[in-house]
Amino acid sequence: DAEITQSPRHKITETGRQVTLACHQTWNHNNMFWYRQDLGHGLRLIHYSYGVQDTNKGEVSDGYSVSRSNTEDLPLTLESAASSQTSVYFCASNGLAGEQETQYFGPGTRLLVL
Amino acid sequence: GIQVEQSPPDLILQEGANSTLRCNFSDSVNNLQWFHQNPWGQLINLFYIPSGTKQNGRLSATTVATERYSLLYISSSQTTDSGVYFCAPSPQETSGSRLTFGEGTQLTVNP
């Protein structure tokens, strides 16, 4: 079955360190997204990609970067981790049009920045 | 950007009861999806519903795009329905399928 996986599932890091969160999907979807979810709130879009070599900033992109070198992966990098980036991070993907735009989510990564 | 308002913010039901969750949005949309986040944090897509009505078992959803709202109906609720329900539209002016999430409705179903 197709799926979307994230690693690590839990991460503790220190302020100022660079951190990379992995996202891998086997749906063969063109569109991939990164969101963050803070306690008691909805999801906010960080970055997204509509295909290989395409990346775009979302609503809360400061301090984050992504790269898309293949269809399956969209790693999220925190350049210099800050305590304000403590959150749960979700990766998602979907296809191009109509019902294929149904968005599927990974299990999430809990990040604690000390 | 598009504003998304979900109501009620919290809802407590007895098992077997029915409920209606509402999502109002401020702009024209080309895509709207409903999600359920279970108590373990997993996000499950319930419906892709830019317009019209769909049903899946005890759940159904209706989107009236011209009036900028969507409704999620849960019938004969079960304890496993507990969690947070999110509405997420994508504005018509944007390309692709960038979703904007509402703050959600926290549903608790008691046995």
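Before any of the text, the structure's been laid out above.
A brief report on the enclosed structure follows. Fair warning: this is a prediction, and the values are worked out from it, not measured in the lab.

Cut-offs applied
Residues numbered from 1 in each chain as written. Chains lettered and ligands numbered in written order. Predicted model: local features only at pLDDT ≥ 70, side-chain atom pairs only at ≥ 80, totals over all residues. Heavy atoms only, no water. Core = buried A, V, L, I, M, F, W, Y, C linked by side-chain atoms within 4.5 Å. Buried < 20%, exposed > 50% of the residue type's maximum accessible area, 1.4 Å probe, protein only. Helix = DSSP H or I, 4+ residues; strand = E, 2+ residues; numbered from the N terminus. Contact = heavy atoms within 4.5 Å. Pairing = 2+ DSSP bridges. Axes fitted to C-alpha atoms, helices over the stretch in contact; angles between N-to-C directions. Disulfide = S-S within 2.5 Å. Buried area = accessible area lost by both parts, 1.4 Å probe. Salt bridge = Lys/Arg side-chain N within 4 Å of Asp/Glu carboxyl O. Polar contact = N/O pair within 3.5 Å; in protein donor to acceptor, adjacent residues only side chain to side chain. Nonpolar A, V, L, I, M, F, W, Y, C, P; charged D, E, K, R; others polar. Phe/Tyr/Trp six-rings, centres within 6.5 Å; stacked < 30°, edge-to-face > 60°.

A look at the nonpolar core
The biggest cluster of nonpolar side chains holds 21 residues, and the ones touching the most others in it are B:Trp34, B:Leu46, B:Phe47, B:Leu72, B:Tyr85 and B:Leu107. Contributions of two or more residues to this core are made by β2 (10-14), β3 (19-25), β4 (29-37), β5 (43-48), β7 (59-64), β8 (69-74), β9 (83-91) and β10 (105-110) of chain B. Among residues more than four places away in sequence, those in contact with B:Phe47 are B:Leu32, B:Gln33, B:Trp34, B:Lys54, B:Gln55, B:Asn56, B:Leu59, B:Ser60, B:Ala61 and B:Leu72. Counting residues in each nonpolar core, the second largest holds 18 residues, with A:Ile46, A:Val60, A:Val66 and A:Val113 among its members.

Considering the sheet that holds strand β1 (residues 4-7) of chain A
All names here are of chain A. Reading across from one edge, β1-β3-β8-β7 is the order of the 4 strands in this open sheet, with antiparallel pairing throughout. One side of each edge strand has no neighbouring strand; the edge strands of this open sheet are β1 and β7 (64-66). Strand-to-strand, the axes of this sheet are offset by a mean angle of 20°, without reference to chain direction. Note: β7 against strand β8 (residues 76-78), 3 bridges, orientation antiparallel. Within the sheet, the bridge partner assigned to Val66 lies in β8 and is Leu76.

Here we look at the state of the cysteines
Here the structure, examined in full by the defined rule, presents 2 disulfides over all chains. In this model, A:Cys23 is linked to A:Cys91 through a disulfide, with the two sulfur atoms separated by 1.8 Å. Here the disulfide of A:Cys23 and A:Cys91 is left-handed, its torsion about the S-S bond being about -70°. Placement of the pair is A:Cys23 in strand β3 (residues 19-25) and A:Cys91 in strand β9 (residues 87-94), with a sequence separation of 68 residues. Relative accessible area serves as the criterion here: at 3%, A:Cys23 is assigned to the buried category. For B:Cys23, the disulfide goes to B:Cys87, at an S-S distance of 2.0 Å. Across the S-S bond of B:Cys23 and B:Cys87 the torsion is about -60°, and the bridge reads as left-handed. With B:Cys23 in strand β3 and B:Cys87 in strand β9, this pair connects stretches of sequence that are 64 residues apart. For the pair B:Cys23 and B:Cys87, one class covers both residues: buried.

Notes on the sheet that holds β2(B)
Residues and elements named next belong to chain B. Overall, mixed pairing links the 5 strands, which are arranged β2-β10-β9-β4-β5 in an open sheet. Since the sheet does not close on itself, it has two edges, and those belong to β2 and β5, each with one partner. The average angle at which neighbouring strand axes cross in this sheet is 25°, direction not considered. Here β4 pairs with β5 via 5 bridges, running antiparallel. Bridge pairing links His36 to Ile44 in β5.

Considering the interface of chain A and chain B
Between chain A and chain B, the contact holds 19 residues from the first and 18 residues from the second. Note on chain A versus chain B: buried area summed over both sides is about 1,600 Å², and carbon and sulfur give 50% of it. Here chain A and chain B share 0 salt bridges between them. Across the chain A-chain B interface, the total number found is 5 residue pairs in polar contact (both at pLDDT 80 or more). Elements supplying a minimum of two residues to the side of chain A that touches chain B: β4 (31-37), β5 (43-51) and β9 of chain A. Across the side of chain A that touches chain B, the residue classes break down as 8 nonpolar, 9 polar and 2 charged.

Points about the packing of aromatic side chains
Residues and elements named next belong to chain A. Tallied over the entire structure, the rule returns 12 aromatic pairs over all chains. Aromatic pair Trp27 and Tyr104: ring centres 4.3 Å apart, planes at 10°, arrangement stacked. Highlighted residues: Trp27 in the loop between β3 and β4 and Tyr104 in strand β10 (residues 104-105), separated in sequence by 77 residues. We classify Trp27 as partly exposed; its relative accessible area is 31%. A relative accessible area of 31% places Tyr104 in the partly exposed class.

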